[in-house]
Amino acid sequence: MEAIDFESAIIEWRGPAPFLFAAIPDEHVGALRHAAMTASYGWGVVPVVARVGATQFTTSLFPRDGGYLLAIKLAVQRAEGVGPGDRVAVSLRVGRDGKC
């Protein structure tokens, strides 16, 4: 699968602890669902390599309301100076190998 590039606002979703995510635009959900058939490691969670700004990192996509949320690690938030409500440019690729 080729890298997917998009812009999204960072949102906070409270589960057991507060986490920040970027919602995947609807136009990319179908391709991600297809890739998840072989890459998912359970419960619909999909491993990805992502880049926000200049920071590349491994993380996961989490299914939510028919789409996916990209988990934005705390180290990425700090490195890029982003938080809830900020719009970020994202590039991601399904799997743990490669670059975005």
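Above: the structure in question.
Bear in mind that the values here come from a model prediction, so they are computed numbers and not experimental data.

1. Quick look at the overall build of the protein
Within the protein one finds two helices and six strands. Starting at the N terminus and ending at the C terminus, the protein contains elements arranged as β-β-α-β-β-β-α-β. Taking 2.2 N^0.38 as the reference for a compact globule, 100 residues should give roughly 13 Å; the C-alpha atoms of the protein span a radius of gyration of 12 Å, in line with that estimate. Across its three principal axes, the protein shows a C-alpha extent of roughly 35 × 30 × 20 Å. Across the 100 residues in the protein, those meeting the buried criterion constitute 41%. Considering only residue pairs separated by 6 or more positions, the protein has 59% of its internal contacts joining residues 24 or more positions apart. Of the roughly 5,600 Å² of accessible surface on the protein, 54% is carried by carbon and sulfur atoms. Computing the positive centroid from 10 side-chain charges and the negative centroid from 10, the protein places the two 7 Å apart.

2. Side note on the packing of aromatic side chains
In the structure shown here, the tally under the stated rule is two aromatic pairs. Taking 6.0 Å as the distance between ring centres and 90 degrees as the angle between the ring planes, the aromatic pair formed by F21 and F62 counts as edge-to-face. Of the two residues, F21 is situated in strand β2 (residues 18-23) and F62 in strand β4 (residues 55-64); the sequence distance between them amounts to 41 residues. An aromatic cluster of at least three residues, connected via ring pairs, comprises F19, F21 and F62.

3. Some thoughts on the pairing of strand β6 (residues 87-94)
Across a regular strand the side chains alternate sides, sitting on one face of the sheet and then on the other. Two strands pair when backbone bridges link them, and strand β1 (residues 4-14) and β6 are joined in this way by six bridges, in the antiparallel orientation. Looking at the pairing, E7 lines up with A89 of β6. In terms of strand pairing, strand β3 (residues 46-52) meets β6 through five bridges, oriented antiparallel. From the neighbouring strand, A50 faces β6, where its bridge partner is L92.

4. Section: the nonpolar core
Core analysis: the biggest nonpolar cluster contains 25 residues, and I24, L32, L61, Y68, L70 and L92 have the highest contact counts within it. Put simply, the parts of the chain that give this core at least two residues each are β1, β2, α1 (26-39), β3, β4, β5 (67-71) and β6.

5. Some remarks on the side chain of S91
Within the element layout of this structure, S91 appears in strand β6. Given the relative accessible area of 3%, S91 is considered buried.

6. Observations regarding the side chain of H28
When you line up the elements, H28 lands in helix α1. For H28, the residues in contact, after removing those within four places along its chain, are I4, D5 and F6.

Reading the values: the criteria
- Residues numbered from 1 in each chain as written.
- Predicted model: local features only at pLDDT ≥ 70, side-chain atom pairs only at ≥ 80, totals over all residues.
- Heavy atoms only, no water.
- Helix = DSSP H or I, 4+ residues; strand = E, 2+ residues; numbered from the N terminus.
- Rg over C-alpha atoms; globule rule 2.2 N^0.38 Å.
- Buried < 20%, exposed > 50% of the residue type's maximum accessible area, 1.4 Å probe, protein only.
- Contact = heavy atoms within 4.5 Å.
- Areas by Shrake-Rupley, 256 points an atom, 1.4 Å probe, with all protein chains shown as cover.
- Lys, Arg positive; Asp, Glu negative; His and termini not counted.
- Charge placed at Lys NZ, Arg CZ, Asp CG, Glu CD.
- Phe/Tyr/Trp six-rings, centres within 6.5 Å; stacked < 30°, edge-to-face > 60°.
- Pairing = 2+ DSSP bridges.
- Core = buried A, V, L, I, M, F, W, Y, C linked by side-chain atoms within 4.5 Å.

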